[in-house]
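# Descriptive analysis of the structure
Next come the chains, spelled out residue by residue.
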There are 2 protein chains.
Amino acid sequence: MNMDINILAETARRSLDPFFNPKNIAVIGASRDPYSPGWVIFKLLTEAHKAGKLKAKVFGVNPKGGSLFGNTLYKNINEIPCDVDHIVVVVPARYVPKVLEDAGKKGTKVATIISAGFSEIGNVELEEQVIKLARTYGIRIIGPNGLGVFDAYSGIDTMFLPYNKAAGDRELLAAPRPKPGFVMFISQSGALGVSVLDYMYGEGLGISKFISYGNKADVDETDALLYALEDEKTRVVMIYVEGIKKQGKKFVEIGKEFSKRKPIVILKGGRTSAGARAAASHTASLAGNIKIYDAVFNEIGAIVCNDLTEFLDTTKALAFQPPAAGRNVAIITNGGGAGILASDKAEMLGLNIPPPQDDLLKKLKTAQKEGLIPPVATFANPFDLSGSATNESYKVALEYVLSDNSYDAILLIALHHVPLLTSEFIDEIANITFKYKKPIVAVDVGGAEMAIWVREKFDRLGIPAYPTPERGISALNALVKYGTFLKKHNLLNEYLNKWTKPTR
Amino acid sequence: MNMDINILAETARRSLDPFFNPKNIAVIGASRDPYSPGWVIFKLLTEAHKAGKLKAKVFGVNPKGGSLFGNTLYKNINEIPCDVDHIVVVVPARYVPKVLEDAGKKGTKVATIISAGFSEIGNVELEEQVIKLARTYGIRIIGPNGLGVFDAYSGIDTMFLPYNKAAGDRELLAAPRPKPGFVMFISQSGALGVSVLDYMYGEGLGISKFISYGNKADVDETDALLYALEDEKTRVVMIYVEGIKKQGKKFVEIGKEFSKRKPIVILKGGRTSAGARAAASHTASLAGNIKIYDAVFNEIGAIVCNDLTEFLDTTKALAFQPPAAGRNVAIITNGGGAGILASDKAEMLGLNIPPPQDDLLKKLKTAQKEGLIPPVATFANPFDLSGSATNESYKVALEYVLSDNSYDAILLIALHHVPLLTSEFIDEIANITFKYKKPIVAVDVGGAEMAIWVREKFDRLGIPAYPTPERGISALNALVKYGTFLKKHNLLNEYLNKWTKPTR
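A brief structural summary. (Residues numbered from 1 in each chain as written. Chains lettered and ligands numbered in written order. Predicted model: local features only at pLDDT ≥ 70, side-chain atom pairs only at ≥ 80, totals over all residues. Heavy atoms only, no water.)

### A short note on the overall build of chain A
- Of regular secondary structure, chain A possesses 17 helices and 21 strands.
- Since a compact globule built from 504 residues should have a radius of gyration of about 23 Å, the 25 Å found for chain A is in line with a globular shape.
- If one aligns the C-alpha atoms of chain A with their principal axes, the spans along those axes are about 80 × 50 × 40 Å.
- Within the span of chain A, comprising 504 residues, buried residues form 63% of the whole.
- Of the roughly 18,400 Å² that chain A leaves accessible, carbon and sulfur atoms contribute 52%.
- Here chain A contributes 60 positive and 54 negative side-chain charges, whose respective centroids are spaced 4 Å apart. (Helix = DSSP H or I, 4+ residues; strand = E, 2+ residues; numbered from the N terminus. Rg over C-alpha atoms; globule rule 2.2 N^0.38 Å. Buried < 20%, exposed > 50% of the residue type's maximum accessible area, 1.4 Å probe, protein only. Areas by Shrake-Rupley, 256 points an atom, 1.4 Å probe, with all protein chains shown as cover. Lys, Arg positive; Asp, Glu negative; His and termini not counted. Charge placed at Lys NZ, Arg CZ, Asp CG, Glu CD.)

Encoded structure:
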């Protein structure tokens, strides 16, 4: 399989790359109606190209001809005076077969079909006709009935959502695109997809590629995984899925091999009977027996999330921190209550919070005698440095715990409210963690300026930060789960040897 | 008991009121050292009085005399030329008995003791001496070893945390005080308390009073509940507790009667053995057998939370929405995926998501035929209005569902990203909900400007808003739990009749 997957990945890479890095892209259905998807997509692509953010040349096709945003509108794709490797299709469903035929004759390689009105409303035959034509002409398809693709590096963006929207008499950023990063996100739901992008933007979590494949007539999660395998910008893949209809066996085979190299994070919609009923009505997905799905996800080593918050938190941890070699967690804190809540959550998730062994305890007590750690600090794990904690206390305690083999992962709770902890401590802490390949995440609780600043700064330095102790522990737990999978396959050491801090 | 609790509440009100509404307040240990608690507290109180935000006159006591912030520093409390009903004590522990004696002779009614160094480090005798003196002179005590009290209405604030802190070369809001609101918050952990205040500030959740009682030598959660019973600014009480040592029986009796009038939300630190071990080291609390605690909390009808996020989310829902009369939830959405995630969470929590009965279905289909609801909308519950949903679609669907007796509570998911939903819809929706006493919470997913604006606007209009479908459902679940408790005691109808929308 190891040989196979490399060949499959190379094939996927060649066939799908024009979705993300086309030389030329044409919007079929570029429209003068500013409320239409064709207007928005053509405008955003045109502007991106003009601003130098998108290398690909952008062409518009509209049967009425004319021009828009200073660009000619061609009446038919065959009038475009150069090759078009990627078409974005926003015409009504019934015209899509003709569009594919014309594009196929012109040698187009990939089509992102935004148009709705296919199998999702019962037009199965029309969708099958589209698939057949695509096969005939060797065109790969994303869609129909999705938002298409977004590539934060190349600038390709087929989402028909304007950035801004009116809020009363102001314009606010309503559909933000996350900055370039290390996460590929595949979503069966377009609306949930764009909501998550909005959430990612707010969290400062960067993206490599977003794929909203709609009815997945052709490209599905398995294809996306194959593409992501060698994509150096993608360190983790997150998948929102309601049902996997086709090639379930291939998904398992590819998924398993993929997870040996990069983590997959999954949020499955329709885990319960109420959710499954909703999923059937949404994407006609057979959400199916969740036990079967969970068995599959478990076999491929995917990290399965319980909710949207965990989906994002887990992804952020896996994108920036190495997997954990075991389940022994050290909690360093300057707030007793926060340390207790973290301990509770850790035990509920099956993590261990073992007390320190004698040599570590001795080192910490010596540091305390030397005045580096406050006299009221306690070292039971949580290591509670107390409200009198200084930058120095954190540095000493962290260095000792990082170098102690009894602990596999660290939760660093640093409530910024205490007087003696100055803002420089974040850089100081990050400098220490760079020396180790032991996972660490940070927690600061609060919603005002300083709390936000502290968490953003930790994030920027590659230490994922969370606003509650429980969310921090839950993120660490994902690193433990991924480490457990790698260990099971005797790959953990090799993985850690190759692992490098992401730089952004 | 009903008679008793009113008398007890009236007694508590009279004896504790000087903590929140003193005529005169003195800081014993007002200090010239800007890094000391005595400096911060004296400065904040003095400034608040000068700015007209605090009615009480502020006095400083420091054995060295002199002046600070333009105020005389008295060498002893007995030199202050008027009555002092509230003293804030920040002197070293060993001087506290003398301070209490002097204050007692002067007729002081309450003392907030910030000073640490009592039972929490083994100085049990010193603490007992303080309690004895307080009893002798009829002084009520909050503390020692806590942050004291904050009253968002009267301006009393004994927290020794400056508002701002340096972040690099900027000053950022680091220890914000939430705006006036309807929540009383009692915390056994000072650091967790101030973190939660920070979180509340960020969420825009207002507060009535905050009590950080530290070692709770005198005033504890039972006293606070008695005070809160008739406090018209307090609609819900949130309690972070690690252990209830004293008057457990009284807590049960008072708590049970309290819950019949106002909800109690509890976060218990030390639910697990790891957490209990941490709690023992933090506040010397016997976190004890969690089953016993849960039985007690269940008996008093408290809403017990699993984590910090739920603690805040639940409180916000209970502060602004009425309890639910049953567990049948309607989900209205414009995103299929979000509706599915909400359904999954609802079923996991034991809520029902029943499909509509024939008459409701008929009304919705008629509205669809009339073009008020998009043709692709589905009504299986979730009521998925689709990405083509308009303000009108939401209004029609909401009105129908609110007036349908099959549903006890509503989750309104309104993803702002869709093009036809304009920002006016929030006001329009709020206007409809005002006519009903059926609980509703809103969800919009995202972290950029518009998502934040939408949620804040919902919040301001009294419809608690959440950033994920699951958090919305979890908040509704708290309203169901509280309704179930009231129903068990045949109090639901009476409660709902008296219930009014909070106005702020």
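### Considerations on the nonpolar core
- Of all hydrophobic cores here, the largest spans 134 residues; its most connected members are F311 of chain A together with F311 of chain B.
- When sequence neighbours within four positions are dropped, the list of residues in contact with F311 of chain B reads F185, M238, I239, Y240, V265, I266, L267 and C305 of chain B. (Core = buried A, V, L, I, M, F, W, Y, C linked by side-chain atoms within 4.5 Å. Contact = heavy atoms within 4.5 Å.)

### Some remarks on the environment of L161 of chain B
- Examined against the element boundaries, L161 of chain B turns out to sit in the loop between β8 (148–151) and β9 (164–167).
- Owing to a relative accessible area of 5%, L161 of chain B belongs among the buried residues under this scheme.
- As for L161 of chain B and P37 of chain B, which are separated by 124 residues in sequence, their C-alpha atoms are 7.7 Å apart.
- Residues contacting L161 of chain B, with those up to four places away along its chain left out, are H417 of chain A together with V40, L44, L147, A175, R177 and V194 of chain B.

### Observations regarding the interface of chain A and chain B
- If you look at the interface, chain A gives 79 residues, while chain B gives 79 residues.
- With both sides pooled, the region where chain A packs onto chain B buries about 5,900 Å², and carbon together with sulfur makes up 63% of that total.
- Joining chain A to chain B, the criterion identifies 0 salt bridges.
- At the boundary of chain A with chain B, the tally comes to 39 residue pairs in polar contact (both at pLDDT 80 or more).
- The residue inventory of the side of chain A that touches chain B, partitioned by class, reads 39 nonpolar, 25 polar and 15 charged. (Buried area = accessible area lost by both parts, 1.4 Å probe. Salt bridge = Lys/Arg side-chain N within 4 Å of Asp/Glu carboxyl O. Polar contact = N/O pair within 3.5 Å; in protein donor to acceptor, adjacent residues only side chain to side chain. Nonpolar A, V, L, I, M, F, W, Y, C, P; charged D, E, K, R; others polar.)

### What to know about the relation of the copies chain A and chain B
- Between chain A and chain B, which share one sequence, the superposing operator has a rotation angle of 180° and an axial displacement of 0.0 Å; the RMSD is 0.0 Å. Here the transformation between the copies is reduced to the relation of a two-fold axis. Among all residues of chain A, the one whose C-alpha sits closest to the rotation axis is T309 of chain A, at a distance of 5.4 Å.
- Interface overlap between copies is the fraction of interface residues in one copy that are interface residues in the other; for chain A against chain B it reaches 100%, indicating a shared surface. (Least-squares fit on C-alpha atoms with pLDDT ≥ 70 in both.)

### A word on the packing of helix α7 (residues 248–259) of chain A against helix α9 (residues 290–299) of chain A
- Axis separation between α7 of chain A and α9 of chain A bottoms out at 8 Å; the angle between their running directions is 35°. Where α7 of chain A approaches α9 of chain A, its residues F251, V252 and K256 of chain A are matched on the opposing element by V296, F297 and E299 of chain A. (Axes fitted to C-alpha atoms, helices over the stretch in contact; angles between N-to-C directions.)

### Let's talk about the sheet that holds strand β16 (residues 329–333) of chain A
Residues and elements named next belong to chain A.
- Pairing within the open sheet is mixed, and its 6 strands lie in the order β17-β18-β16-β19-β20-β21. Both edges of this open sheet fall to β17 (378–379) and β21 (465–466), since each of them pairs with a single strand only.
- Here strand β20 (residues 440–443) runs beside β21; their pairing, made up of 2 bridges, is parallel. Bridging across to β21, V443 finds its partner in Y466.
- Its contacts with the sheet put helix α11 (residues 336–348) on β16, β18 (383–384) and β19 (409–413), and the angle it makes with β16 is roughly 160°. (Pairing = 2+ DSSP bridges.)

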